[in-house]
Amino acid sequence: MSSPPRDEIVARLTPTVSQAVAEVGYDLEELDVQQAGRRRLVKVIIDADDGVELDDIADVSRALSKVLDEHDHVLAGPYNLEVTSPGVDRPLTKQRHWHRARNRLARIRTVGGEELLGRVGPAAENSVLVLADGRVRRLIYGDIERAVVEVEFQQPPAEELVKLDRAADVAADDGGDGNDTEESR
């Protein structure tokens, strides 16, 4: 009996795994299934607004073990389950990623090839405010080719956070029309 292709297994398990992860209070960031010898490796990456700790990983692992055992016909054999959180090098691709990166430094490349190193401000449905080169800019997600958080070993400068907060207040007052926002103080 041959086992189903990897993509088919992932497609069949994703709704079930996503629901189980959500019921425990987390977001499913990624599900992958690989053949590892005679077993399959089921790798699940989860995240949450407040981050993920070791106890959270254990809670999700227990919930997923039950669900996957009920769906062992999809895996067609024994498996190892690995639950983890995203690394700091995870690209910022969704609004929730930008929201969770608020006040962090990010390296951003736009579709036009512009390279920015900026502090992440509030994330809206279609855009995010970023403080780069002393100026607060609204970047539309579709205009961002790649963005990742930069590791910092110190607290962000207070003046940068204040500038982002002021710009967020201005953007909220003007309805956030997608134009660049400049702090004039």
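Keep in mind the model is a prediction, meaning the values are calculated, not measured. (Residues numbered from 1 in each chain as written. Predicted model: local features only at pLDDT ≥ 70, side-chain atom pairs only at ≥ 80, totals over all residues. Heavy atoms only, no water.)

1. Comments concerning helix H1 (residues 6–24)
An α-helix turns once every 3.6 residues. As a result, residues three or four positions apart point the same way. When the terminal C-alpha atoms of H1 are compared, their 26 Å separation across 19 residues agrees well with the 27 Å that a helix rising 1.5 Å per residue should span. Helix geometry: H1 is bent most strongly at Thr-14, by close to 40°, with proline Pro-15 lying one to four residues after it. For H1, the set of buried residues is Ile-9, Val-10, Leu-13, Thr-16, Val-17, Ala-20 and Val-21. Considering only its buried residues, H1 is in contact with strand E1 (27–36), strand E2 (39–47), helix H2 (54–70) and helix H3 (72–75). Trailing H1 by a residue or two, Gly-25 shows a phi angle of about 105°, which is positive. (Helix = DSSP H or I, 4+ residues; strand = E, 2+ residues; numbered from the N terminus. Expected span 1.5 Å × (residues − 1). Bend = angle between axes of the 7 residues up to and from the residue. Buried < 20%, exposed > 50% of the residue type's maximum accessible area, 1.4 Å probe, protein only. Contact = heavy atoms within 4.5 Å.)

2. Notes on the environment of Leu-92
Note that Leu-92 resides in the loop between strand E3 (79–84) and helix H4 (95–100). Leu-92 sits in the buried class, given a relative accessible area of 6%. Each C-alpha atom, one on Leu-92 and one on Ala-106, is 9.0 Å from the other, the two residues being 14 residues apart in sequence. What Leu-92 contacts, discounting residues up to four positions off in sequence, is His-97, Trp-98, Ala-101, Ala-106, Ala-147, Val-148 and Val-149.

3. Points about the sheet that holds strand E8 (residues 144–149)
Sheet architecture is open: 5 strands sit in the order E7-E6-E5-E4-E8, paired in antiparallel fashion. The sheet is open, and its two edges are formed by strand E7 (135–140) and E8, each paired on a single side. Across the sheet, the mean angle separating the axes of adjacent strands is 40° when strand polarity is ignored. In the sheet, strand E6 (residues 127–132) pairs with E7 via 6 bridges, with the strands oriented antiparallel. Residue pairing across strands places Val-128 opposite Leu-139, the latter belonging to E7. (Pairing = 2+ DSSP bridges. Axes fitted to C-alpha atoms, helices over the stretch in contact; angles between N-to-C directions.)

4. Quick word on the layout of surface pockets
If you add up the space inside the largest pocket, you get close to 280 Å³. Around the largest pocket, the lining is made up of 17 residues, and of these Asp-47, Pro-86, Arg-90, Arg-100 and Arg-104 lie nearest the centre. The residue inventory of the lining of the largest pocket, partitioned by class, reads 7 nonpolar, 4 polar and 6 charged. (1 Å grid on protein atoms, 1.4 Å probe; cavity = no way out; pocket = protein on both sides within 12 Å on 5 of 7 lines; lining within 4 Å. Points joined across faces, edges and corners; volume = space filled by probe spheres on them. Nonpolar A, V, L, I, M, F, W, Y, C, P; charged D, E, K, R; others polar.)

5. Let's talk about the sheet that holds E2
Strand pairing in a sheet is mediated by backbone hydrogen bonds. Such pairs are either parallel or antiparallel. Pairing is mixed across the open sheet formed by 3 strands, whose spatial order is E1-E2-E3. The open sheet has two edge strands, E1 and E3, and neither has a second partner. Across the sheet, the mean angle separating the axes of adjacent strands is 15° when strand polarity is ignored. Alignment of E2 against E3, held across 6 bridges, turns out to be parallel. Directly across from Lys-43, in E3, lies its bridge partner Glu-82. Most of the contacts of H1 go to E1, to which it runs at about 145°, and overall it touches E1 and E2. Together, E2 and E3 form the strand contacts of H2, whose direction differs from that of E3 by roughly 145°.

Just distances and angles here, no functional claims.
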